[in-house]
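# Survey of secondary and tertiary structure
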Amino acid sequence: MYNLLNDLSIVEVSSFVASPTAGLYCAQMGAEVIRVDHKAGGLDYDRYMLTKEGRSLSWENLNRAKKSVALDLRSGEGRELCVELAARTGNCITNLPEKSFLSHAAMKAAQPEGTPDMTSVRIMGWHDGRQAMDFTVNAAAGYPLMTGPEEWEMETAPPINQVMPAWDFITGAYCAFAILAALRHRDATGEGSEVRVPLGNVAIGTLANSGTMAEMLLRGADRERLGNAIWGAFGRDFRTKDGVRFMVAALTPKQWDGLVEAFGLATPIGQLEAELGVKFSDGDRPRFEHRHRLFELFQGVAGSHEFSSLEARMAAQGCTFERYRTAHEAANDPVLVADNPLFGPSPANPSGLDYPATRSFANMPEKEAGDPAPAPYLGQHSEEVLAERLGLSSGAIGKLVDAGTVALSDEGKTYNR
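Quantities reported herein were computed from a predicted structural model and do not represent experimental measurements. Here, residues in each chain are numbered from 1, in the same order as that chain's written sequence. Only residues with pLDDT of at least 70 are given local features in this predicted model, and only at 80 or more are side-chain atom pairs given and counted; all residues enter the totals for whole chains, interfaces and linings. Values shown for side chains rest on all heavy atoms present in the structure; no hydrogens or waters enter the calculation.

## A short note on the overall build of the chain
- Secondary structure assignment for the chain yields 17 helices and 12 strands.
- Here the C-alpha coordinates of the chain stretch approximately 85 × 45 × 45 Å along the principal axes.
- Only protein chains enter the calculation, and the probe is 1.4 Å; a residue is then buried if its accessible area is under 20% of its type maximum, exposed if over 50%, and partly exposed in between. Buried positions account for 46% of the 417 residues belonging to the chain.
- Residue contacts follow a heavy-atom distance rule, with two residues in contact if any of their heavy atoms lie within 4.5 Å. Intrachain contacts of the chain at a sequence separation of at least 6 include 69% that bridge at least 24 residues.
- Residue burial considers only the protein chains on display, and all accessible areas are found by Shrake-Rupley using a 1.4 Å probe. When the accessible area of the chain is evaluated, it comes to approximately 21100 Å², of which 54% is carbon and sulfur surface. Every helix listed is a DSSP run of H or I at least four residues long, and every strand listed is a run of E at least two residues long, numbered separately from the N terminus.

## Regarding empty space enclosed by the protein
- Put simply, the grid is 1 Å and covers the protein atoms alone, a cavity is a trapped set of points that fit a 1.4 Å probe, a pocket is an open set with protein on both sides within 12 Å along at least five of seven lines, and lining residues have an atom within 4 Å of a point. Grid points are joined across faces, edges and corners, and a volume is the space filled by probe spheres set on the points. Summed over all chains, the structure comprises two cavities of 30 Å³ or more.
- Within this model, the largest cavity holds a volume of roughly 70 Å³.
- Classes in brief: Ala, Val, Leu, Ile, Met, Phe, Trp, Tyr, Cys and Pro nonpolar; Asp, Glu, Lys and Arg charged; the others, Gly included, polar. Taken together, the residues that form the lining of the largest cavity break down as six nonpolar, two polar and three charged.
- Estimated volume of the second largest cavity: approximately 30 Å³.

## What to know about the nonpolar core
- We define a nonpolar core as any set of buried Ala, Val, Leu, Ile, Met, Phe, Trp, Tyr and Cys residues linked to one another through side-chain atoms lying within 4.5 Å. Among the nonpolar cores identified, the biggest contains 30 residues, and C26 and I179 are the most heavily contacted of them.
- Among the elements that make up this core, the one with the highest residue count is helix α6 (residues 166-189) (six residues).
- In contact with I179, not counting residues within four places along its chain, are I10, C26, C92, I93, T119 and V121.
- The next biggest cluster of nonpolar side chains, apart from the first, holds 29 residues, and it includes F238, F246, I269 and L272.

## So, the pairing of strand β3 (residues 67-71)
- β3 sits mainly inside the fold: five of its five residues count as buried.
- Of the two faces of β3, the one carrying K67, V69 and L71 and the one carrying S68 and A70 are both buried.
- Two strands are said to pair when DSSP picks up at least two bridges between them. The sheet contact formed by strand β2 (residues 32-38) and β3 spans five bridges and is parallel. Bridging across to β3, I34 finds its partner in K67.
- Once the chain exits β2 it traverses helix α2 (residues 57-62) before rejoining the sheet at β3, and the crossover so formed is right-handed.
- Where β3 lies against strand β12 (residues 406-407), two bridges are found, and the strand directions are antiparallel. Within β12, the residue paired with A70 across the bridge is A407. Here, the term right-handed applies to a crossover whose path from the first strand over the helix to the second runs clockwise when the strands point away from the viewer.

## Notes on helix α10 (residues 266-276)
- Along α10, the positions that sit buried rather than exposed are I269, L272 and E273. Buried residues of α10 fall within an arc of 105° about the axis and therefore sit on the same side. More than 90 degrees from the buried face of α10, the exposed residues found are T267, Q271, A274 and E275.
- Looking at the buried side of α10, the elements it contacts are α9 (253-263) and α12 (291-302).
- Looking at the residues trailing α10, positive phi occurs at G277, about 70°. It is the directions from the helix axis to the C-beta atoms whose arc is reported.

## Some details on the packing of helix α3 (residues 76-89) against helix α16 (residues 382-390)
- Axes here refer to lines fitted to C-alpha atoms; in helices the fit is confined to the stretch in contact. Angles between the N-to-C directions go from 0 to 180 degrees. Relative to each other, α3 and α16 sit at 55°, their axes nearing to 10 Å. In terms of axis orientation, α3 runs oblique to α16. Relative to α16, α3 is oriented so that their crossing is left-handed. Residues L81, E84, L85, R88 and T89 of α3 lie in contact with α16, whose contacting residues are V385, R389 and L390.
- For the contact of α3 with α16, a count of residues per class yields four nonpolar, one polar and three charged. Each angle is binned into one of four classes, with values under 35 degrees roughly parallel, values over 145 roughly antiparallel, values of 65 to 115 roughly perpendicular, and all other values oblique. Note on convention: the crossing is left-handed when the near helix lies turned anticlockwise from the far helix by less than a right angle, right-handed when the turn is clockwise.

## What to know about the sheet that holds strand β8 (residues 245-250)
- The three strands lie next to each other as β7-β8-β9, forming an open sheet whose pairing is antiparallel. Looking at the sheet topology across the chains shown, the edges are occupied by β7 (234-239) and β9 (320-323). Taken over all neighbouring pairs, the strand axes of this sheet differ in orientation by 15° on average, direction set aside.
- Pairing analysis gives four bridges linking β8 to β9, with the strands arranged antiparallel. The residue of β9 that forms the bridge with A249 is T320.
- Sitting on the sheet, α12 is in contact with β7 and β8, with an inclination near 35° to β7.

Geometric descriptors of this kind do not, in isolation, establish any biological role.
Quick look at the structure:
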């Protein structure tokens, strides 16, 4: 954690991935992020995979370094407390619908005089109000029908969904940027903002920003499937004599020259250039357009060498490559994890498990990153936050707890899920 945002407090009312990610990134930069959940846990509190005690590993990792307040968000009094907490704080990240109790207008109307003008970021589904999730917007954007073996026919081939919910994480990162942009504007003008970020817009907008939309309109048809080849450049997976699969990419002249040298293919490639009347060192286009002939040459070399030998040669030439790992192998790889300063000492996780936890992805050499912070127990900070933010006395909070409007820490509780 860095303390660049230690003067910033944000109320987060969210679930699943995109909205908690936005709060997580702010928290990892030092912001006080107060996550408010229903007293029994939000919609994602029991998201798979669970420990034997019923603790969600997804929830635990998306909510590190945050504070947790648990309210009865199905009751009028609990909702009023949530709105007041957001209003007094002045900053909110949420993926609740705009027409819910936590509308921007409701938060702004509840602000006491002298509070910084309300700034909120709301993650939506589609821009027209329809619901959406990562995997549905991905289907709409067309990416699952671009992937798969080259020999698959477009008319009959099945879509291939990506495993990682990329749009959720991209949206979360964009929302963290958006709230900081809105806060910078407020600092300059005093004017708050309501920012709505539809998940679907992030997906279809990325299709446009990457040039892919323009490409489809220009060609008047869909892009052909490429298997594991890189579109528009040289790159693909290859397999060595001992069965190791690895990925290579050569987008720059240096990368290309190094790869040719590492594979010892200067002469065969020179012959191929003479046959085809091209120079592969000229750039991506000739390498991509004649990729099948090049792939044949590179696979011929890969298939006749042990990976350790080829790896040493590629490393010596500064090639861009990586061996394919399973996620389990990646989690146990010392270069990726144990020796990577991204990871710090395992904090006291609510699950009780000891495993690597991340610091901020950003690396600031002149600043102390700090150790990873644990996720809170549900309701762990209810009393603290209600006292500090709303000025409630311990007696008043006790009455709310007795009435079931507020819940305290669920530490030690085992869930049967």
